[in-house]
Amino acid sequence: MSNVQITPKDTAEKKAIIAQGKPEIALLVSDIDNTVVDFFGMWGATTDKAFDSLCALHGMTREALEKEVMECTPTESRMHNLPEMIDHMPSFRPKNDEERKYFDKEHAKIVHEWQKGRDDVKLYAGVVQTISKAKAAGAQFVLYSDAPRSSVLHRIAQYGVPADLVDAVYCQPDLDKNDKPVAMPVEGKTAKWMADFEKAGGVLQVLPPGSHKPAPETLDQIRKDRGIESVKNVMMVGDNLKADCGGANALGAFSAWQKDGCAVPQEAIDLYYRIPTNPNYLLGVEKMSRQLSEPAYQPDIVLEKGWVDMQKHIQFVSAEKANAKAREAEKQQAPQQISAAMMKARQ
């Protein structure tokens, strides 16, 4: 996440629009993890089970194992790559070929169970239904993540997001050991999802390295790429108040907090902070809610029950309808702006 300073824009105007009725949204931009799926809940359950199995296999305490994980394993592997994490653990290294064969076999069993648990993750209630209604109304749906390309595509396919409902995916590049962008290959289920996505007209946009949220300029680029003329017809939904809502607020677009996505099991929260990839990350409703005191991060809409609540707050429209209304509003405002400028010039 970027440490860029956020200044909210058009807050009063957005409140006025909401007071008059449901905002018309032609472009819905969504975060992925804990916005469309309970990633942290799944991660906590599968990682906890794998760690218990590894402790039993290697005769380690959880405290000793987690200490070695923090000291010896790549940060990203703790969240997404158990085999890589295992490979970097000094205590798991065999003393001879016989041990190697045995541990390789046992590790494979643990990884299999870990992957099985991750594959069982389901989208939040209302996600597919809401996106389907948005598409039926002519609105567009875009997934926007700070994660690298190969990881994002793998997770979207794994989570079961229908490829034909996604208009575009924006993500960070894969990086090599020298932090240079590189296109990592995708295989199996991920490759199939990507083929279906492209066949349906979906666009994959890899962003410049390091252009992390909150990035209003990236959200504005997404708006322009999708042909939406007014930011008031754009809404960003996410579980992270600063990264997701903050970026939308800085642009003047609508922001929606997926509060249900912050309802992470306490066991997963505790495990995350014992082996964090980012110790400053706010995980859980209690910690995330602390940011509500910052005007820049306050959402325009709170989805208390997640995606099933979304259509209580907004109305989906097509880009054509949204753009036509935006042009008409601009025409009506033009004489007022000219008059105001003339009065200012006379003063």
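Everything here concerns the structure above.
Along each chain, the written sequence defines residue order, and numbers are assigned to residues from 1. It should be noted that, the model being predicted, local features are given only for residues of pLDDT at least 70 and side-chain atom pairs only at 80 or more, the latter also being counted only at that level, while totals for whole chains, interfaces and linings use all residues. The side-chain numbers reported here are obtained from all heavy atoms of the structure, hydrogens and water having been left aside.

A. Quick peek at the overall build of the chain. Helix and strand content of the chain: 15 helices and 9 strands. Dimensions along the principal axes, computed over C-alpha positions, put the chain at roughly 90 × 45 × 40 Å. A simple rule labels every residue: compare its accessible area, found with a 1.4 Å probe on the protein chains alone, to the largest value its type can have, and call it buried under 20%, exposed over 50%, or partly exposed in between. Relative to its 347 residues, the chain shows a buried fraction of 49%. Any two residues whose heavy atoms approach within 4.5 Å are treated as being in contact. Pairs at least 24 apart in sequence give 77% of the contacts found in the chain among residues at least 6 apart. For accessible areas, the Shrake-Rupley method is used with a probe of radius 1.4 Å. Any residue's cover is judged against the shown protein chains and nothing else. As presented, the chain carries roughly 17200 Å² of accessible surface, and 51% of it is formed by carbon and sulfur atoms. Helix numbering and strand numbering both begin at the N terminus, where a helix is a DSSP run of H or I of at least 4 residues and a strand a DSSP run of E of at least 2.

B. Just the sheet that holds strand β6 (residues 234-238), in detail. Spatial ordering of the open sheet is given by β5-β4-β3-β2-β6-β7-β8, a layout of 7 strands whose pairing is parallel. Strands at the two margins of the open sheet, each flanked by one partner only, are β5 (203-206) and β8 (301-302). Two strands pair if DSSP finds at least two bridges between them. Examined bridge by bridge, strand β2 (residues 27-30) and β6 share 4 bridges and lie parallel to one another. Its bridge partner lying in β6, V29 is registered against M236.

C. Structural context of the pairing of β5. Where strand β4 (residues 168-172) meets β5, 4 bridges bridge the pair, whose relative direction is parallel. Across the sheet, the residue bridging to V169 is L204, located in β5. Whether a crossover is right-handed depends on one test, that the path from the first strand over the helix to the second runs clockwise when the strands point away from the viewer. With helix α9 (residues 188-199) bridging β4 and the parallel β5, this β-α-β connection has right-handed handedness.

D. Up close: the pattern of salt bridges. In the sections that follow, a salt bridge refers to a side-chain nitrogen of Lys or Arg positioned within 4 Å of a carboxyl oxygen of Asp or Glu. Enumeration over the complete set of coordinates arrives at 21 salt bridges. As a salt-bridge pair, R149 and D174 come within 3.7 Å of each other at their nearest N and O atoms. With R149 in helix α8 (residues 149-159) and D174 in the loop between β4 and α9, this residue pair connects regions lying 25 residues apart in the sequence. Per residue, the accessibility class of R149 equals that of D174, and both read buried.

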